[in-house]
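# Architecture at a glance
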Amino acid sequence: MMGELEGRVALITGAGSGLGLATARVFAGAGALIIINDLRAEAAETAARLLGPKHYAIAGDVADEASVTAMVADVAARFGRIDILVNNAGIPDSFVPTVDQTLAHWQRLIDIHLTGTYLVSKTVAPHMIEQRSGVILNLNSIAGILGLPVRTAYSAAKAGIGMLTQVLACEWAPHGIRVNAVAPGYMLTPLLAKLIEDGKVDGDRIRRRTPMGKLGKAEHVAEAMLFLASDRAEFITGVTLPVDGGYCAWGAPSDAYPLENFPSV
Ligand SMILES: NC(=O)c1ccc[n+]([C@@H]2O[C@H](COP(=O)([O-])OP(=O)(O)OC[C@H]3O[C@@H](n4cnc5c(N)ncnc54)[C@H](O)[C@@H]3O)[C@@H](O)[C@H]2O)c1
């Protein structure tokens, strides 16, 4: 059986680990040729090797215009097309109170998440416009939808990515390009594992606050991205799909899990 993404060329930023790497695996399994970008050249090489010989690694900083221009030119010259772009590269916030944060810290988060998503999208789009087809997937977060104290720049950047997703979807729909986002909840990737280990995030409290009572897996996000990247989502553009076990849906003033919190059910 042909894979759903057979013959497609997919560029995934920050795919040296976590959600990006899981997405690379799932997309490769569906037949796509994957270009793994990461700031860490070695992580990108290792990830591409893991996927197999036809896949390709390219180091680069999504927040740096010259780096993005060189990366996209290299990919276009080598493979002749870019069918799917996943704007996944990211770093966590510092969890320092806003009044104690430095402007440099704010700027770095905005640069990588929001400007990076903008920059890579606008550099890849001319190739998609020429092809008259393409799919762009952005990484939003529950932090871009709900207010999470001390995650100031990260949340603002992610909320910006939510609107960027809508704006670009509207602008590029006539060119056959779909632009969507996923908003993961708490996914047990190396990024979150480190936050839990450092005591910045409490894993048990998150489980209690999540209607489905557990942390997500990278594969949950990857499968949602596969759907949005595939032709099965051909009439879907401009949306942000939460992949969060119901976290954003919960509004009652109590824990969401376990069931004894629901005395009348
Ligand atoms: N893990 C979660 O629970 C979660 C939840 C919501 C959203 N997200 C978002 O998903 C994305 C991936 O997160 P993850 O948990 O897999 O993190 P991760 O740290 O495992 O992976 C992120 C990758 O991005 C790379 N990177 C960082 N800055 C870069 C840059 N300037 N240019 C290129 N690559 C760069 C890192 O080297 C790393 O390999 C991020 O955008 C993150 O904000 C994660």
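Here is a short report on the structure shown in this document. Small disclaimer: the values here were computed from a predicted structure and weren't measured.

## Re the pattern of salt bridges
The final tally for this structure, using the stated rule, is nine salt bridges. We note a salt bridge from Arg-232 to Glu-4, for which the minimum N-O separation is 2.7 Å. Of this pair, Arg-232 sits in the loop between α8 (218–229) and β7 (240–243) while Glu-4 sits in the segment before β1 (9–12), and the two are 228 residues apart along the sequence. Among the salt bridges present, the one from Arg-207 reaches Asp-204, with a minimum N-O distance of 3.0 Å. Of this pair, Arg-207 and Asp-204 both sit in helix α7 (residues 203–209), three residues apart, which is roughly one turn of that helix.

## Points about helix α4 (residues 103–131)
An α-helix turns once every 3.6 residues. As a result, residues three or four positions apart point the same way. When the terminal C-alpha atoms of α4 are compared, their 40 Å separation across 29 residues agrees well with the 42 Å that a helix rising 1.5 Å per residue should span. At Thr-115, α4 shows its largest bend, some 40 degrees. A positive phi of about 60 degrees marks Arg-132, the residue just after α4.

## Looking at the site of the ligand
Ser-17, Leu-19, Asp-38, Tyr-154 and Thr-189 are the nearest of the 29 residues found near the ligand. One of the backbone nitrogen or oxygen atoms of Leu-39 is found 3.2 Å away from a nitrogen atom of the ligand. Here an oxygen atom of the ligand sits 3.0 Å away from a polar atom, N or O, in the side chain of Lys-158. About the coverage of the ligand: the protein hides 94% of its 830 Å² of free accessible area. Across the shell around the ligand, the residue classes break down as 13 nonpolar, twelve polar and four charged.

## Side note on the packing of aromatic side chains
The final tally for this structure, using the stated rule, is two aromatic pairs. Ring geometry for Tyr-56 and Phe-79: centres 5.6 Å apart, planes at 70 degrees, overall edge-to-face. Of the two residues, Tyr-56 is situated in strand β3 (residues 56–59) and Phe-79 in helix α3 (residues 65–79); the sequence distance between them amounts to 23 residues. Residue Tyr-56 is classed as buried on the basis of its relative accessible area, which comes to 17%. Judged by its relative accessible area of 22%, Phe-79 falls in the partly exposed class. Both rings, one in Tyr-186 and one in Tyr-247, keep their centres 5.6 Å apart while their planes meet at 65 degrees; by these two values the pair is edge-to-face. Taken as a pair, Tyr-186 in the loop between β6 (177–184) and α6 (190–197) and Tyr-247 in the segment after β7 lie far apart in primary sequence, 61 residues in all. Take Tyr-186: its relative accessible area is 15%, and that puts it in the buried class. Residue classification places Tyr-247 among the buried positions, given a relative accessible area of 10%.

Criteria and cut-off values
- Residues numbered from 1 in each chain as written.
- Predicted model: local features only at pLDDT ≥ 70, side-chain atom pairs only at ≥ 80, totals over all residues.
- Heavy atoms only, no water.
- Salt bridge = Lys/Arg side-chain N within 4 Å of Asp/Glu carboxyl O.
- Helix = DSSP H or I, 4+ residues; strand = E, 2+ residues; numbered from the N terminus.
- Expected span 1.5 Å × (residues − 1).
- Bend = angle between axes of the 7 residues up to and from the residue.
- Near = heavy atom within 4 Å.
- Polar contact = N/O pair within 3.5 Å; in protein donor to acceptor, adjacent residues only side chain to side chain.
- Areas by Shrake-Rupley, 256 points an atom, 1.4 Å probe, with all protein chains shown as cover.
- Nonpolar A, V, L, I, M, F, W, Y, C, P; charged D, E, K, R; others polar.
- Phe/Tyr/Trp six-rings, centres within 6.5 Å; stacked < 30°, edge-to-face > 60°.
- Buried < 20%, exposed > 50% of the residue type's maximum accessible area, 1.4 Å probe, protein only.

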